Amino acid sequence: EDMIKLNPQDSDTAKAFLTDATQNNLTGNYNETITSINKKDGLKINFNNGSWALIRPSGTEPVIRIYTESEIEENATTIMEQTKNLLISSLEHKQ
């Protein structure tokens, strides 16, 4: 688990990123192939090797939490870094 702290002005941008994300516009940001996304409890990105990332805004704090899981710890770490970079880039481009 990791998190990105949000400034008040970033909160709407982050929520829009999660709402607007599609498999097509996420492809190319990860080393692994995205097999599906699910927006039920945030944004869950599933990969071809069984790994996944879940991006979720906190309901009580100005943060976005990122969870990753993989059978290989190095894959989970890489996916975490790629997800954080994607979110940070998204917030920077909206400013």
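Residues numbered from 1 in each chain as written. Predicted model: local features only at pLDDT ≥ 70, side-chain atom pairs only at ≥ 80, totals over all residues. Heavy atoms only, no water.

Side note on the sheet that holds strand β1 (residues 2-5)
Backbone-to-backbone hydrogen bonds pair the strands of a sheet. The strands run either parallel or antiparallel.
No. 1: With respect to topology, 5 strands assemble into an open sheet ordered β1-β5-β4-β3-β2, the strand pairing being antiparallel. The open sheet terminates on both sides in strands that have one partner only, identified here as β1 and β2 (34-38). With strand direction ignored, the average angle separating the axes of adjacent strands in the sheet is 15°.
No. 2: Judged from the 4 bridges that link them, β1 and strand β5 (residues 63-69) form a sheet pairing that is antiparallel. From the neighbouring strand, Ile4 faces β5, where its bridge partner is Ile64. (Pairing = 2+ DSSP bridges. Helix = DSSP H or I, 4+ residues; strand = E, 2+ residues; numbered from the N terminus. Axes fitted to C-alpha atoms, helices over the stretch in contact; angles between N-to-C directions.)

Let's talk about the packing of aromatic side chains
No. 1: This model, assessed by the stated rule, comprises 1 aromatic pair.
No. 2: For the cation-ring pair, Lys44 lies above Trp52, with the distance from its terminal atom to the ring centre recorded as 4.6 Å. (Phe/Tyr/Trp six-rings, centres within 6.5 Å; stacked < 30°, edge-to-face > 60°. Lys NZ or Arg CZ within 6 Å of the ring centre and 35° of its normal.)

Considering the side chain of Thr83
No. 1: Summarising the element assignment, Thr83 is placed in helix α3 (residues 73-93).
No. 2: Since its relative accessible area comes to 0%, Thr83 is described here as buried.
No. 3: Side chain to side chain, Thr83 and Tyr30 meet in a polar contact 2.9 Å long.
No. 4: With residues near it in sequence (within four places) discarded, Thr83 still touches Tyr30, Ala53, Ile55 and Ile66. (Buried < 20%, exposed > 50% of the residue type's maximum accessible area, 1.4 Å probe, protein only. Polar contact = N/O pair within 3.5 Å; in protein donor to acceptor, adjacent residues only side chain to side chain. Contact = heavy atoms within 4.5 Å.)

Focus: the pairing of β5
No. 1: In this structure, strand β4 (residues 52-57) lies alongside β5, joined through 6 bridges in antiparallel fashion. Residue pairing for β5: Leu54 is matched across the bridge by Tyr67.
No. 2: The antiparallel pairing of β4 with β5 creates a hairpin that spans 5 residues between the two strands.

A short note on the pattern of salt bridges
No. 1: Across all of its chains, the model carries 3 salt bridges by this definition.
No. 2: With a closest N to O distance of 2.9 Å, Asp2 and Lys84 form a salt bridge. Separated by 82 residues along the polypeptide, Asp2 in strand β1 and Lys84 in helix α3 bring together distant segments of the chain.
No. 3: When the shortest N-O distance is used, the salt bridge between Arg65 and Glu61 registers 2.4 Å.
No. 4: Shared partners join several salt bridges into a network, and the residues in it are Glu1, Glu61 and Arg65. (Salt bridge = Lys/Arg side-chain N within 4 Å of Asp/Glu carboxyl O.)

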